[in-house]
Amino acid sequence: MKIRYSHRLGSVEAHKRIDDLIPQLELGYGDQISNASYKWQSNNQRMDFSFRVRRFDIRGYVHIRDSEIELDAGIPFLARMFEGRIREGIIQNLDKIMK
């Protein structure tokens, strides 16, 4: 699943807001998510992540640019029926923190 999200914050501020969101997501969804890990690359523009939701392993990355965030996450075949809701939830969270 690929999401491209436009913003006007610049890459430094976008990075800060994404980084601040991660602990909030872990608290809000902690009962559903396990084995969560994320690591920013040395340039702080790309974050690789992985976690487990129920029986599904999710891996992907977030790439931050000056005016766009690109999220690419591998959705297992059996979870693809929920892709629309997952996409909607991600965009709603981005709307909250990037405006």
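About the criteria used
- Residues numbered from 1 in each chain as written.
- Predicted model: local features only at pLDDT ≥ 70, side-chain atom pairs only at ≥ 80, totals over all residues.
- Heavy atoms only, no water.
- Helix = DSSP H or I, 4+ residues; strand = E, 2+ residues; numbered from the N terminus.
- Buried < 20%, exposed > 50% of the residue type's maximum accessible area, 1.4 Å probe, protein only.
- Contact = heavy atoms within 4.5 Å.
- Areas by Shrake-Rupley, 256 points an atom, 1.4 Å probe, with all protein chains shown as cover.
- Lys, Arg positive; Asp, Glu negative; His and termini not counted.
- Charge placed at Lys NZ, Arg CZ, Asp CG, Glu CD.
- 1 Å grid on protein atoms, 1.4 Å probe; cavity = no way out; pocket = protein on both sides within 12 Å on 5 of 7 lines; lining within 4 Å.
- Points joined across faces, edges and corners; volume = space filled by probe spheres on them.
- Nonpolar A, V, L, I, M, F, W, Y, C, P; charged D, E, K, R; others polar.

Q: An account of the overall build of the chain is needed here, citing residue identities and associated values.
A: Each helix and strand counted, the chain has two helices and five strands in total. When the helices and strands of the chain are placed in sequence order, the string is β-α-β-β-β-β-α. Based on the C-alpha atoms only, the size of the chain along its principal axes is roughly 35 × 25 × 20 Å. With 99 residues in all, the chain has 31% of them scored as buried. Looking at the chain alone, contacts between residues at least 24 apart form 46% of all its contacts between residues at least 6 apart. Carbon and sulfur atoms provide 50% of the accessible area of the chain, an area that totals close to 6,700 Å². In the chain, 17 positive and 14 negative side-chain charges are present, and the distance between their average locations comes to 4 Å.

Q: Quick one: what's the story with the layout of surface pockets, residue by residue and with numbers?
A: Estimated volume of the largest pocket: approximately 1,200 Å³. In terms of lining residues, the largest pocket is bounded by 33 residues, among which I33, F51, V53, I86 and I90 are the most central. Of all the secondary-structure elements, those providing two or more residues to the lining of the largest pocket are α1 (11-28), β2 (33-40), β3 (46-53), β4 (56-64), β5 (68-74) and α2 (83-98). Ranked by residues supplied to the lining of the largest pocket, first place goes to α2 with six residues. A breakdown of the residues in the lining of the largest pocket according to their chemical character gives 25 nonpolar, five polar and three charged.

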